[in-house]
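What the coordinates show
Read off the chains here:
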Amino acid sequence: MRRPEPSSTPDAHAEHEHGHAHAEHGHDHRADGWWHRLKHLVTPHSHDSLDKVDSAMETSRQGIRALWVSLLVLGATAALQAVVVLFSGSVALLGDTLHNVADALTAVPLGIAFLVGRRPADRRYTYGYGRAEDLAGIFIVLTIAVSAVWAGWEAVSRLLHPQQVTHLPYVAAAAVVGFLGNEIVARYRIVVGRRIGSAALVADGLHARTDGFTSLAVLLGAGGVALGWSWADPVVGLLITLAIAVVLKDAAREVYRRLMDAVDPDLVATAEQALRETPGVREVGAVRMRWIGHTLRAECEIVVDPEAPVRVGHAIAVDAEHRLIHAIGRLSAATVHADPGGAEAHQALDHHR
């Protein structure tokens with residue numbers, strides 16, 4: 001991205017350093033409201049590279065903590081269900097137990113992705129390693145797909161070959177435990193995932209929620225069997241398979257959009273508004289944004305007075321960059337190109353476009 005070169009004066013150099021330091025600032029200035037603004041006034045506001053590293057490390061810590069909580073909760077849930085399986089002989093509950101074990105293990109690739117994402121950018125991966133989370137998201141979506149196929153297969157098999165289930169009250173209680181365990185994990189993963197901007201962790205939370213529905217299928221099936229409806233369990237299983245397919249669609253769409261560099265259009269509108277409100281900006285050109293792991297990056301074009309000195313054009317670009325970082329949560333870097341406007345401004349590049 002091209003900007004007018006700043007002059008060598010001390011003031012220009014200070015503005016240049018301030019602008020680039022702000023480009024590395026990754027805090028969400030909207031989340032804390034008036035309290036953050038008050039602290040911003042009375043506390044030295046550091047924008048150096050150490051803040052960026054600390055922010056990335058903290059988001060990774062939150063993600064890894066969420067994964068550990070998931071492993072513990074789902075592990076305990078599966079252990080309790082396994083005890084009931086031993087004396088009830090419930091194949092449905094056995095499938096749900098094994099499913100919960102498999103789902104707990106999906107935390108492993110995501111945990112690895114969080115660790116890999118901590119690595120700093122280098123000359124080969126100049127944007128860093130944040131995309132590792134998106135790769136983990138693909139694995140999670142595939143796991144949800146396998147869950148849907150597995151649930152459907154078991155439901156059809158049970159419909160064709162009914163099986164007797166004993167100790168129904170215990171099976172029902174174990175199903176409730178399975179639902180509660182998965183719902184706790186789902187809520188925690190989704191909340192943390194949205195807080196730190198991790199699409200993969202949100203997808204994993206949706207996955208846990210589908211598993212809770214699978215547990216409820218065991219509960220409803222057990223209730224139907226208690227009423228003498230041997231077909232109740234497999235029919236409910238088929239309905240839950242459809243529910244899993246719907247969640248699979250949503251999770252796959254979220255991960256796909258992240259891989260395709262999609263962002264919420266409202267974020268683009270917010271960025272354009274912040275640029276328009278910057279003194280000295282006559283027009284706003286292209287605004288591009290993308291997610292890199294937990295954080296956003298932006299590339300923007302603005303039109304300034306073509307007769308303005310280079311130093312003034314650069315100062316406007318720095319001010320616009322600063323406003324963007326304060327207007328958009330999780331924006332870690334913004335590159336602003338000051339353009340004098342007119343078709344001749346990029347005439348030498350026309351044949352390359």
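If you're wondering where the values come from, they're calculated on a predicted model, not measured in any experiment.

Remarks on the packing of helix H4 (residues 91-105) against helix H7 (residues 168-196)
Here H4 crosses H7 at 20°, and the two axes come no closer than 11 Å. With respect to H7, the axis of H4 lies roughly parallel. Seen from above, H4 lies across H7 with left-handed handedness. Contacts between H4 and H7 involve Leu93, Asn100 and Asp103 on the former and, on the latter, Val171, Ala174, Gly178, Asn182 and Arg189.

Concerning the sheet that holds strand E1 (residues 283-292)
Sheet strands associate in pairs through backbone hydrogen bonding, adopting either a parallel or an antiparallel arrangement. Taken together, the three strands give an open sheet; going across it, the order is E1-E2-E3, and neighbouring strands pair in mixed fashion. The strands lining the two open edges of the sheet, one partner per strand, are E1 and strand E3 (331-339). Between one strand and the next, the sheet's axes are offset by a mean angle of 15°, whatever the strand orientation. With eight bridges connecting them, E1 and strand E2 (residues 295-303) associate as antiparallel partners. When the sheet's bridge partners are listed, arginine 290 is paired in E2 with arginine 297. Helix H10 (residues 265-276) rests against E1 and E2 of the sheet, and its axis sits at about 135° to E1. Its contacts with the sheet place helix H11 (residues 310-327) against E2 and E3, and it is angled at close to 150° to E3.

Overview of the layout of surface pockets
Counted as a void, the second largest pocket has a volume near 630 Å³. Secondary-structure elements contributing two or more residues to the lining of the second largest pocket are H7, helix H8 (199-226), helix H9 (232-259) and H10. Counting residues per element, the lining of the second largest pocket draws most heavily on H9, at five residues. Split by residue class, the lining of the second largest pocket holds nine nonpolar, four polar and nine charged.

Details of H7
Over its 29 residues, H7 runs 42 Å from end to end, which matches the ideal 42 Å to within 8%, given 1.5 Å per residue. Within two residues after H7, glycine 197 carries a phi angle of roughly 75°, on the positive side.

Thoughts on the packing of aromatic side chains
The geometry of an aromatic ring pair is captured by the separation of the ring centres together with the interplanar angle, meaning the angle of the planes. Inspection of the entire model under this criterion finds two aromatic pairs. Between phenylalanine 87 and tyrosine 170, the aromatic rings sit 5.4 Å apart at their centres with planes inclined by 90°, giving edge-to-face as the arrangement. Of the two residues, phenylalanine 87 sits in helix H3 (residues 49-88) while tyrosine 170 sits in helix H7, which places them 83 residues apart along the sequence. When the ring of tyrosine 125 is compared with that of tyrosine 129, the centres are 4.7 Å apart and the planes differ by 40°; the resulting orientation is tilted. Classification of tyrosine 125 as partly exposed rests on a relative accessible area of 43%. For tyrosine 129, a relative accessible area of 12% gives the class buried. Looking at arginine 119, its charged tip hangs above the ring of tyrosine 129, at a distance of 4.4 Å from the centre. When the ring centre of tyrosine 127 is taken as reference, the NZ or CZ atom of arginine 290 above it lies at 5.6 Å.

Basis of the calculations
Residues numbered from 1 in each chain as written. Predicted model: local features only at pLDDT ≥ 70, side-chain atom pairs only at ≥ 80, totals over all residues. Heavy atoms only, no water. Axes fitted to C-alpha atoms, helices over the stretch in contact; angles between N-to-C directions. Helix = DSSP H or I, 4+ residues; strand = E, 2+ residues; numbered from the N terminus. Parallel < 35°, antiparallel > 145°, perpendicular 65-115°, else oblique. Left-handed = near helix turned anticlockwise from the far one by under 90°. Contact = heavy atoms within 4.5 Å. Pairing = 2+ DSSP bridges. 1 Å grid on protein atoms, 1.4 Å probe; cavity = no way out; pocket = protein on both sides within 12 Å on 5 of 7 lines; lining within 4 Å. Points joined across faces, edges and corners; volume = space filled by probe spheres on them. Nonpolar A, V, L, I, M, F, W, Y, C, P; charged D, E, K, R; others polar. Expected span 1.5 Å × (residues − 1). Phe/Tyr/Trp six-rings, centres within 6.5 Å; stacked < 30°, edge-to-face > 60°. Buried < 20%, exposed > 50% of the residue type's maximum accessible area, 1.4 Å probe, protein only. Lys NZ or Arg CZ within 6 Å of the ring centre and 35° of its normal.

These values are about where atoms sit, not about what they do.
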